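# Coordinates in review
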Amino acid sequence: MTLRKFLTGAAALALVGAGATAASALPVDWQTGFQAPASPVMEQIESFHHELFWIMTAVSVFVAFLLIWVIIKFRASANPTPSKVHHNTLLEVAWTLIPVIILVVIAIPSFKLLYFEAEIPNPDVKIRAIGKQWFWTYEYPGADAGFTYDSLGLSDEDAKAKNEPRLLGVDNIVVVPVNKVVEIETTGADVIHSWAIPEFGVKMDAVPGKLNHTWFKATKTGVFYGQCSELCGARHAYMPIEVKVVSDEEYTTWLADSKKKFAALETGNTRLAAK
Ligand SMILES: [Cu+2]
C-alpha cells in the first residue's frame, strides 16, 4: 500500500466516522467500520458491536499479558524447579465465574437486540421480495390496486450511463417512505436467496415455500444498495438491491405512477393478500 493510498483511505474513514458522507454513501477503499447506519436496528447493531469490541479487547490484552508474564517469569532458566501445586480452589472458582459474568454481560444486550430485530412493529408499508435466479420481483399489495415488478441488475454499460455503481444499480428500484416502518416479506421462487441492505441492518433469507419477515425504518432519505446474500447460483453476484428512501409526498406520487406503470396484482391468487 502506498502512503498516498493509505492517507486517502484514512481521510475517507474520518469522513465516514464524522457522518459527513451523504446517505447514499457506498463503502470506500480501506474502510474498516460499518457503513453509516440508516435505521434504528442498524444503530443498535453498531453500538452493540462497539461494546463487544471493547470487551474483546480487554480480554485479549489481559490474556496476552498473562501469557507473556508466565513465559518470562517461569522460563526454565529462571525457574529450574517447577512448582508441583495443581489445585487452587479460589483460582478455579474465579476463572469459571469471571467468564460466566462476562458472557451474561454480553448476552443481555444481545438478546435485547435480537428481540428488537425480530419483533416487527405495526408496518406502514408491506413489500414482498421474491428472489429468483437471478433478479428480484417485488410486490406492493394495496387495497385498491397492488402491483408487482421485476428488478434486474444493470449491465456495466447501463450502470455507467445511469451513473449508478457497478453491480449495485438496478432497473426498477424499491421506493419506500422515510421514517415509516417497512415490513419486508421474503420468499424464494427457485433456490434460497437473501435480501440484505447493510445500512438498514437487514438480511433475511428468501426460502422457497416459506415466508420470512423482517423490517426496517429508514431514518434518512437517499439511495441504499444491497446484494443477494445467499449463494444462489452462477449469477448470484448480479442480483443487487436498490432502495430509494423518499418523503411521504414523493412516495405517494411514486405509488400512483407505479400502479399505472406495472401490471396490477390479480386478486385471489397466492400472492400477498391485499390489506
Ligand atoms: Cu440470489
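Residues numbered from 1 in each chain as written. Predicted model: local features only at pLDDT ≥ 70, side-chain atom pairs only at ≥ 80, totals over all residues.

## Quick notes on the sheet that holds strand E3 (residues 147-151)
Strand order across the open sheet formed by five strands is E3-E2-E1-E5-E8, with mixed pairing between neighbours. On the outer flanks of this sheet lie E3 and strand E8 (212-217), each paired with one strand and no other. Each strand of the sheet is rotated relative to its neighbour by a mean of 25°, with strand direction disregarded. Here strand E1 (residues 125-132) pairs with strand E2 (residues 135-140) via five bridges, running antiparallel. The residue of E2 that forms the bridge with glycine 131 is tryptophan 136. (Pairing = 2+ DSSP bridges. Helix = DSSP H or I, 4+ residues; strand = E, 2+ residues; numbered from the N terminus. Axes fitted to C-alpha atoms, helices over the stretch in contact; angles between N-to-C directions.)

## Let's talk about the environment of arginine 128
Within the fold, arginine 128 resides in strand E1. Between the C-alpha atom of arginine 128 and that of threonine 186, which follows or precedes it by 58 residues, the distance is 5.8 Å.

## Digging into the pairing of strand E10 (residues 240-246)
The buried count for E10 comes to five of seven residues, which makes it a mostly enclosed element. Bridging between strand E4 (residues 174-177) and E10 involves four bridges; their strand directions are parallel. Residue valine 174 lies in a different strand from E10, and its bridge partner there is valine 243. With six bridges connecting them, strand E9 (residues 222-227) and E10 associate as antiparallel partners. The partner of phenylalanine 224 across the bridge, within E10, is valine 243. (Buried ≥ 20, exposed ≤ 12 C-beta atoms within 10 Å, placed from the backbone.)

## Here we look at the confidence of the model for the chain
Residues at a pLDDT of 70 or more form 85% of the chain, whose mean pLDDT is 88. pLDDT under 50 marks residues 6-22. Its contacts with residues more than four places away, or in other chains, come to 19 contacts. (pLDDT = per-residue confidence, 0-100. Contact = placed C-beta atoms within 7 Å.)

## Some thoughts on helix H3 (residues 89-118)
Between the first and last C-alpha of H3 there are 42 Å, a value that for 30 residues agrees with the 44 Å anticipated at 1.5 Å per step. Sparse coverage of H3 is indicated by the burial of zero of its 30 residues. (Expected span 1.5 Å × (residues − 1).)

## A few points about the sheet that holds E4
What the three strands build is an open sheet, ordered E4-E10-E9; its pairing is mixed. Only two strands of the sheet have a single partner each, and these edge strands are E4 and E9. Averaged over all pairs of adjacent strands, the angle between strand axes in this sheet comes to 25°, irrespective of strand direction.

## Some remarks on unusual backbone geometry
Between glutamine 133 and tryptophan 134 the backbone carries a cis peptide bond, its omega angle lying at 0°. Among the secondary structure elements, tryptophan 134 is positioned in the loop between E1 and E2. At tryptophan 30, a position not held by glycine, the phi torsion is positive, near 65°. Relative to the elements of secondary structure, tryptophan 30 occurs in the loop between helix H1 (3-17) and helix H2 (40-73). The partly exposed category is assigned to tryptophan 30, around which 15 C-beta atoms lie within 10 Å. Although it is not a glycine, asparagine 163 sits at a positive phi angle of roughly 60°. Looking at where asparagine 163 falls in the secondary structure, it is placed in the loop between helix H4 (156-161) and E4.

## Quick notes on the pairing of strand E6 (residues 193-197)
By the criterion of burial, E6 is predominantly enclosed, with four of the five residues buried. When E6 meets strand E7 (residues 202-206), the two strands line up antiparallel, connected through five bridges. What sits directly across from alanine 196, in E7, is lysine 203.

## Concerning H2
Helical periodicity: at 3.6 residues per turn, an α-helix aligns residues three or four positions apart in one direction. An ideal rise of 1.5 Å per residue puts 50 Å on 34 residues; H2 measures up with 50 Å between its terminal C-alpha atoms. Little of H2 is tucked away: one of the 34 residues are buried.

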